[in-house]
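Now for the letters of each chain:
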Amino acid sequence: MLKEDCASELKVFSFFSHLARSLPLPSNMNRPRIDLIMFVVNLHSKYSLRNVEESLRHVDATFFLGKVGFLATGAGRESHCSVHRSTVVRLARTYRSPLLFCDPEVDGFRVPVAQRLVRMLQICAGHVPGVSALNLLSLLRSSENPTLEDL
Amino acid sequence: MDSYDTRGSTPRHSASSRLKDYFIGATPLQKRLESVRKQTSFIPTPPRRKIPQCSRLQEDNDPQKVAFLLHKQWTLYSLTPLYKFSYTNLKEYSRLLSAFIAAEKQKGLAVEVGEDFNIKVTFSTLLGMKGTQRDSEAFLVQILSKSQLPSENREHKVLWTGWFCCIFGDSLLETVSEDFTCVPLFLANGAETNTAIVGTWFQKTFDCYFSPLAINAFNLSWMAAMWTACKMDQYMAATEFLWSVPCSPQSLDISYAIHPEDAKALWDSVHKTPGEVTQEEVDLFMDCLYSHFHRHFKIHLSATRLVRVSTSVASAHTDGKIKILCHKYLIGVLAYLTELAIFQID
């Protein structure tokens with residue numbers, strides 16, 4: 001569902017999104033350059049967190065300069081959460097990457113998140129003049145609440 | 001990965017340096033107040049909690065008095081502080097509540113054919129059910145039916161029981177003024193209609209708000225670890241877990257029972273710091289169970305939702321139902337539940 005929203009936002013450029021359960025991707029395929037990797041963590045399932053942690057080890061270090069993000073789903077249904085929100089916040093902070101929260105089932109929520117993702121993707125792919133992925137990363141980090149760093 | 005970032009001495013951005021200097025020197029309470037004011041809801045999980053000790057209750061009371069609290073299933077609610085509640089007016093409150101219940105029942109909301117409407121309500125304090133001296137006294141509300149027939153003895157049948165308590169509720173007590181009484185945890189046993197009526201009366205009289213307290217899988221696994229860690233002389237029941245697998249059309253339930261001594265042995269091998277339980281130990285304990293299950297059944301339990309935990313100390317269900325089985329650890333169990341209730345109120 002998120003994929004369709006993203007596709008509808010990007011009208012001019014061709015947009016490929018590849019969904020994978022875990023990394024590394026099989027190496028025997030030709031695929032276009034990867035501009036952005038979003039790790040989706042389902043807060044209802046510890047298994048998805050473990051999977052993401054495993055997959056992170058296979059990502060090349062250069063991606064972490066702005067081309068990696070985390071998307072946490074399921075935070076809305078607190079009673080179903082088996083992963084604490086702060087665990088995911090700490091994970092994102094450890095890898096110095098932005099963290100977004102999204103509940104794909106909630107309609108009003110999906111479209112803004114899709115717009116944000118598409119904007120991030122455009123910047124990471126170099127389609128926005130004057131802003132690079134690294135610029136975006138430092139912009140996002142300095143807008144974080146300073147108390148988070150000090151706690 | 002679970003260690004907190006240490007406050008480094010590296011130079012910070014100059015833009016908000018004054019603000020940051022304020023935070024570096026602030027006490028933890030000031031920091032928390034600041035973050036609440038700034039509407040950030042980042043509350044870190046406490047990395048460690050105390051194992052419930054076999055603590056004596058504040059005043060020495062015999063187990064008989066609180067025996068009626070054990071082995072019953074209680075539904076949990078969190079309750080905001082009560083305004084202008086006084087422990088000296090309990091008789092007055094019982095009178096008012098009986099009148100309210102009688103009026104509600106006569107309205108036809110809860111008509112049961114054949115039952116007489118002679119209801120008696122009692123309010124009483126439960127002595128000794130508190131963690132520290134500062135905690136408010138726990139009190140009990142019971143709805144009893146008065147028997148009309150003179151031939152039966154004067155014993156009243158208990159129709160509904162509800163009790164309010166506050167165990168180690170310091171973090172809430174600090175934030176409220178004198179007029180409020182903090183009893184954030186409410187436990188009810190009996191018909192839902194009665195719970196609703198009593199709840200409405202309390203909400204109208206004391207300007208408070210009840211909300212059902214659900215226990216998520218994260219907290220259930222903490223409970224499993226803490227209760228397994230409790231030292232027991234004899235185990236009355238096996239340690240059981242119940243997971244719900246989300247799949248269509250109907251969800252599957254997976255039940256996993258372990259001999260309690262094996263569970264304790266597993267916990268002892270994981271446990272490092274005496275007297276405390278840490279997040280890593282809880283995760284390791286649960287991971288051992290998951291990997292054992294995976295080895296035999298090739299099912300990843302970590303992808304399912306933990307719904308029920310049952311040990312010899314107590315059993316808890318994610319819908320907010322609890323049954324306490326052991327008198328020794330009653331206060332410890334209630335302390336954790338109070339913490340969850342306060343977290344929900346905040």
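Located above this text is the structure these notes cover.
Keep in mind that this is a model prediction, so the values were computed, not measured.

Engineer: Would you mind showing me how to read the nonpolar core here?
Structural biologist: Across soluble globular proteins, nonpolar side chains have a tendency to be buried as a group. Residue and element names in this part refer to chain B. Ranked by internal contacts, the top residues of the largest apolar core, which has 61 residues, are Trp163, Phe241, Ile322, Leu334 and Leu337. By residue number, the principal contributor to this core is helix H7 (residues 217–229), which donates 10 residues. Counting only domains with at least three residues in this core, you end up with domain 1 (62–212) and domain 2 (217–318). Residues in contact with Leu337, not counting those within four places in the same chain, are Leu76, Leu185, Leu213, Ile215, Met223 and Ile322. Grouped together as the second largest cluster of nonpolar side chains are 28 residues, Ile143, Trp160, Ala188 and Val198 included.

Engineer: Is there a simple way to think about the sheet that holds strand S1 (residues 37–42) of chain A in this case?
Structural biologist: Within a sheet, neighbouring strands are paired by backbone hydrogen bonds and run either parallel or antiparallel to one another. All names here are of chain A. Pairing is parallel across the open sheet formed by three strands, whose spatial order is S1-S2-S3. Strand pairing shows two members of the sheet lacking a second neighbour, S1 and strand S3 (99–102), which therefore form its edges. The sheet shows a mean angle of 25° between the axes of neighbouring strands, taken without regard to direction. The pairing of S1 with strand S2 (residues 68–73) spans six bridges and is classified as parallel.

Engineer: Looking at this structure, I do not really get helix H6 (residues 192–206) of chain B. What am I missing?
Structural biologist: Residue pairs spaced three or four apart in an α-helix point in one direction, given the helix's 3.6 residues per turn. Residue and element names in this part refer to chain B. Along its 15 residues, H6 runs 21 Å from first to last C-alpha, staying within 8% of the 21 Å computed at 1.5 Å per residue. The set of residues buried in H6 consists of Asn194, Thr195, Ile197, Val198, Gly199, Trp201, Phe202 and Phe206. Immediately beyond the C-terminal end of H6, within one or two residues, lies Asp207, with a positive phi of roughly 55°.

Engineer: Which parts of the structure should I look at to understand the environment of Arg93 of chain A?
Structural biologist: All names here are of chain A. Structurally, Arg93 can be placed in helix H3 (residues 85–94). Here Arg93 falls in the buried class, since its relative accessible area comes to 12%. In the structure, Arg93 is positioned 16 residues away from Phe109 in sequence and 23 Å away in space, judged by C-alpha atoms.

Rules and cut-offs
Residues numbered from 1 in each chain as written. Chains lettered and ligands numbered in written order. Predicted model: local features only at pLDDT ≥ 70, side-chain atom pairs only at ≥ 80, totals over all residues. Heavy atoms only, no water. Core = buried A, V, L, I, M, F, W, Y, C linked by side-chain atoms within 4.5 Å. Buried < 20%, exposed > 50% of the residue type's maximum accessible area, 1.4 Å probe, protein only. Helix = DSSP H or I, 4+ residues; strand = E, 2+ residues; numbered from the N terminus. Domains from an automatic or database assignment. Contact = heavy atoms within 4.5 Å. Pairing = 2+ DSSP bridges. Axes fitted to C-alpha atoms, helices over the stretch in contact; angles between N-to-C directions. Expected span 1.5 Å × (residues − 1).

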